[in-house]
Structures are given as C-alpha cells and as structure tokens.
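Examination of the molecular architecture
The lines below spell out each chain.
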Amino acid sequence: MRITVTVDGTTYLDEVEPRTLLVQYLRERLGKVGTVVGCDTSNCGACTVHLDGHSVKSCAVLAVQADGCEVTTIEGLARDGQLHPVQRAFHDNHALQCGFCTPGMIMQSIDLLAENSDPDEQAVREGIEGNLCRCTGYQNIVRAVRDAAHEMRPGAGPEAERMNEAEMGTQAGVRRS
Amino acid sequence: MIPAQFDYVAPTTVDDAVRALADAGDEAKVLAGGQSLIPVLRMRLAAPTKLIDLGKVAELRGVREDGNALVIGAMTSHYDVVRDPLIAEHAQLIAMATSTVADSQVRHRGTFGGSLAHADPAGDLLAPALALDAEMVVHGMDGRRVIPASEFFVDYFTTALRPGELLTDVRVPKYTGWHAHYEKFNRVAQAWSIVGVAAAVQVEGHTIQQARVGLTNMSSVPVRATGVERALIGQEATPEAIKAAAEHAVEGTMPVADGNADAAYREHLAKVLTSRAVTAACG
C-alpha cells in the first residue's frame, strides 16, 4: 500500500505492507535507528515518536495509519548541531545509564512539557508513566525534565528561545496540528 | 514480532465502513485506535484477514450536544475526551475515568468507542458508561439501532454487537451539576485496574439526592452497584453513611481470581474503593 509521510521534515512516498509497524518503517526503511524497540508488548515506551505533534508508541501504530501524517523522531530534534533543550538537559543531568530508554523518554518529555510547561515532580512522574527505564534511573530523568522546563520557560536564555522558534514555534518545541 | 499478513482498507464515511465490514465477512476486524488490537496482532493472538481502519472517518470523532444528552463519537480519542468542555460539564465521571487509562501515549491513540467495543472487563470506561446509563448507537447493513449499556456488555471481550455492526456513537444523558470520582486500584504504572469504582452523586446541602456507582473488573462485565446506590440516596454524606453503603458493593458481583488478586481480595477492594470514590465525589 502506498503512503506519504513526512519524517523529521522530509516527505517520503513509499510502498509498505499493511502489517508494517511504524517503528519498523522508521528503522528498516528510513534508517531512523535512533528510535528503538524495547519490548514486544507496547509497555516500555522506548519507541515513542510524535505523530502529528502527539507522542505515540510507534510499535502500536501501523505505518499505513501514518499516511498523510507528520512524524518527528529523536533524530529530528537537534538543529545545526545543537541539541534540543530537553536533550541537553538529559546530558547535563546524567539522565541515562544504559541509554536505551532515552530516545523515548526525551520524546515523551517534550510532549509533557508542551502540555504543562512547569510540571512538579509528581506531574513529571505521571507524564512519563508510559516509559520504563530498566536501569531504574528515574531520579535524574525527573531532574532533567524539570531542568529543561526551567530552561525553556518564557523568557529563558536566548539559546533556548532560538532553538524553540527555529524548531517548532511553540514554547515546548512540539508542533501541534 | 510483527502481525501476520492482512488486507487493509481505510474508508472515509460510516456508510463505506459498514459496507466494507459486510463485504469482508467474519474474519475482518475493525481498527479504531489500535492500542489493544495492534499488540494482539503482534503477539499473533489474532490473525484477521482484513482490517477496516476507522481512522479516516471524520464523522466518528468529536463530542456534541443533542438535547438532554451528549453524543460522543466512537473514534474520539481518550486525549480529546479528557479535554472536552462538554464532557467536563455534563459527564465528568467519563473524563475522570479516561484520564486513568494506560499512559499518555496510549491516550493519544486509543478511542472511547474502541475501548467499549473491545469490552475488556478491566477497561476503565465500561463501568462509567454503565453507571451513567449510556446508550450505544450501532450501524449495520440493516440500519441503525440503539443498545443500552446494561445490555451491551455480554461477557469477557464480548458485546451485543452483531457481525457486521459498527459502534458509531455513544449517547450519554447529561449529569450537569453532579460530582464524580473514579477510584482505580493497580500496582504499577500504566497497569490495568485490579478493581475500579466509578461514582457520580448529586448532593444538595449535605444530602445525597442521587447516586450512580459502577464497578470495574468485579465480573466478566461491568457491574452496577445498585445496592450501594439505594443505600446512599437520602443519606447525609458522612463517612459512616458512605462506609455502610459501600458494604453493599459486592452484591451481584462474580470477581475472578488471577495473578493480581484472588476473589476475596477483590471483594475487599470493591468495598474500600467504593467508599473512597463516593467520599471523593461528595467532596
């Protein structure tokens, strides 16, 4: 079946089997291996991407369902070699151990911050409920999200502002359809 | 794993979807948000020959008023239900229960109608639909019919939908000015309810005028706790009265024993959670 899908700003026209999962399409057809598969049950959230501006588990979406949609993966966040503020906050706060959950954690955190620009610790923990860290490194992940919120708040430093405007045009950096 | 092969169609109208379902026969499955179906296909617990994707049927999305009822399109996502101003005003219980479903990513994709038609006894939206006397509007080749929630849930993962019928809308009477709470008990993040209690009350002064209570996962289908409702009506909303009424929560239930809880523990939970849900709803 023929689909048209925009991934990280590039539009692709592709023939896919209906049973192809979005995550398979991203990894195996487009080579976007930054999005990983962590489980077989849609629990872990490692494969989280944005579909038309909302976080989804790309192992629980068919590629054909993304026809006509816009997808952003972890590989589409950095601009001109500069990390997205949430990526940088994860780096600065050592918010990863093995790193496998990180792409999904970052994509979900950006979604959370688009909904709630200043989440308290409880709101962060609930907001990333769909993402599991097998290293149990949640403390620093929560710190990173709150740190990123602080960096991205209205009136934050010029660097964060520049990233946001350049990237998506909303405060937390997610384009809403 | 990846799903077994299937054919796929994505109709854009209800009429086309109904026709596609009729043409496809018994081995077709309807794809709503896919948050239960796609994992099932991946684990090869089901292998339909055809998927009929409702994702492009715009008329199935959204919430509108129709006199004294709300009409919730079957393909309205959980995310949209939680944020909908009409639901917040007239059917708060549904928004509260929906906000506890799975996790943020699943709520972006999963749909109100999909959850009801899937009829997982641990699903959080069945008990509110039952407690609020929702009606399921279904379409098939023979036309439209309306099924009350009390007749819609038949057994585990089984509804009164006939082959070839599609759930298109859910009509919910307005409960304007009522207060509600959904109390869900589970052990880990994003887990299904071990037991859940949906409560809506109308309180004047301190007196409970009307009460609706539904139980999640206390039987193969959602259960209306009519004994609790009767015991609450006319009572002052005191901790003692609520606790006494909650003792009726196990009437008419047939809880299963599984890896999460045995039946006696579920009965205990039903009473405790009913008490908490009604207390929270009464504010």
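Quick notes on the rules
Residues numbered from 1 in each chain as written. Chains lettered and ligands numbered in written order. Predicted model: local features only at pLDDT ≥ 70, side-chain atom pairs only at ≥ 80, totals over all residues. Helix = DSSP H or I, 4+ residues; strand = E, 2+ residues; numbered from the N terminus. Rg over C-alpha atoms; globule rule 2.2 N^0.38 Å. Buried ≥ 20, exposed ≤ 12 C-beta atoms within 10 Å, placed from the backbone. Contact = placed C-beta atoms within 7 Å. Nonpolar A, V, L, I, M, F, W, Y, C, P; charged D, E, K, R; others polar. Pairing = 2+ DSSP bridges. Axes fitted to C-alpha atoms, helices over the stretch in contact; angles between N-to-C directions. Domains from an automatic or database assignment. Parallel < 35°, antiparallel > 145°, perpendicular 65-115°, else oblique. Left-handed = near helix turned anticlockwise from the far one by under 90°.

Focus on the overall build of chain B
A tally of helices and strands in chain B yields 12 helices and 14 strands. A compact globule built from 283 residues should have a C-alpha radius of gyration of about 19 Å, and chain B, at 19 Å, falls within 12% of that. Considering only C-alpha atoms, chain B reaches an extent of 60 × 45 × 30 Å along its principal axes. Residues counted as buried form 52% of the 283 residues belonging to chain B. Excluding contacts between residues fewer than 6 apart, the proportion of contacts in chain B whose partners are at least 24 apart in sequence is 63%.

Quick look at the interface of chain A and chain B
It is common to give the size of an interface as the accessible area that goes away when the parts come together. Across the boundary between the two partners, chain A contributes 25 residues, which contact 23 residues of chain B. Considered class by class, the residues forming the side of chain A that touches chain B number eight nonpolar, 12 polar and five charged.

Points about the pairing of strand S3 (residues 48-51) of chain A
Taken residue by residue, a regular strand's side chains alternate between the two faces of the sheet. Residues and elements named next belong to chain A. A two-sided burial pattern is seen for S3, the buried positions comprising Thr48 and His50 on one face and Val49 and Leu51 on the other. Here four bridges tie S3 to strand S4 (residues 54-57), and the two strands are oriented antiparallel to one another. Bridge assignment links Thr48 to a residue of S4, and that residue is Lys57. With antiparallel pairing between neighbouring strands as the criterion, S3 and S4 make up a hairpin whose turn holds two residues, including Asp52 at a positive phi of roughly 50°. As defined by bridge partners, S3 adjoins strand S5 (residues 70-72) across two bridges and the pair is classed as antiparallel. Directly across from His50, in S5, lies its bridge partner Thr72.

Considering the sheet that holds strand S2 (residues 28-31) of chain B
Residue and element names in this part refer to chain B. Read across the open sheet, the three strands follow the order S1-S3-S2; overall the sheet is parallel. The strands lining the two open edges of the sheet, one partner per strand, are strand S1 (7-9) and S2. Averaged over all pairs of adjacent strands, the angle between their axes in this sheet comes to 20°, without regard to strand direction. Seen against the sheet, helix H1 (residues 14-24) touches S1, S2 and strand S3 (50-53) and runs at an angle of roughly 170° to S3.

Remarks on the domain arrangement of chain B
Residues and elements named next belong to chain B. Under the domain assignment, chain B is made up of domain 1 (7-53), domain 2 (59-173) and domain 3 (179-282). A straight line from the C-alpha centre of domain 2 to that of domain 3 covers 20 Å. Of all the secondary-structure elements, those providing two or more residues to the side of domain 2 that touches domain 3 are helix H5 (92-98), helix H8 (126-131) and strand S8 (153-155). Here the side of domain 2 that touches domain 3 gets five residues from one element, more than from any other, and that element is H8. Class assignment for the residues of the side of domain 2 that touches domain 3 results in 15 nonpolar, two polar and three charged.

Focus on the packing of helix H3 (residues 102-115) of chain A against helix H5 (residues 138-152) of chain A
Residue and element names in this part refer to chain A. Close contact between H3 and H5 brings their axes to 11 Å; oriented N to C, the two are set at 45°. Comparing the axis directions of H3 and H5 gives the class oblique. Judged by the sense of rotation from one axis to the other, the crossing of H3 with H5 is right-handed. Residue-level contacts link Met105, Ser109, Leu112 and Leu113 of H3 to Ile141, Val145, Ala148, Ala149 and Met152 of H5.

Focus: the packing of helix H2 (residues 85-92) of chain A against H5(A)
All names here are of chain A. Where H2 meets H5, the closest approach of the two axes is 8 Å, and the angle between their N-to-C directions is 135°. With respect to H5, the axis of H2 lies oblique. In the packing of H2 onto H5, the handedness of the crossing is right-handed. Contacts between H2 and H5 involve Pro85, Val86, Ala89, Phe90 and Asp92 from the first element and Ala144, Asp147, Ala148, Glu151 and Met152 from the second. Each residue belonging to the contact of H2 with H5 can be placed in one class, and the counts come to seven nonpolar, no polar and three charged.

Observations regarding the sheet that holds strand S7 (residues 143-148) of chain B
Each strand in a sheet pairs with another by means of backbone hydrogen bonds, the pair being arranged parallel or else antiparallel. Residues and elements named next belong to chain B. Strand order across the open sheet formed by five strands is S4-S5-S10-S6-S7, with antiparallel pairing between neighbours. Every other strand in the sheet has two partners, leaving strand S4 (63-66) and S7 as the edge strands with one partner each. Across the sheet, the mean angle separating the axes of adjacent strands is 25° when strand polarity is ignored. Pairing analysis gives four bridges linking S4 to strand S5 (residues 69-73), with the strands arranged antiparallel. Pairing of Val63 across the sheet is with Ile72, part of S5.

Some details on the domain arrangement of chain A
Residues and elements named next belong to chain A. The domain architecture assigned to chain A consists of domain 1 (2-75) and domain 2 (85-167). When each unit is reduced to the centre of its C-alpha atoms, the spacing between domain 1 and domain 2 is 21 Å. Contacts between domain 1 and domain 2 engage 15 residues on the former and 11 residues on the latter. Those elements that place two or more of their residues in the side of domain 1 that touches domain 2 are S3 and S4. Tallied by class, residues from the side of domain 1 that touches domain 2 come to six nonpolar, nine polar and no charged.

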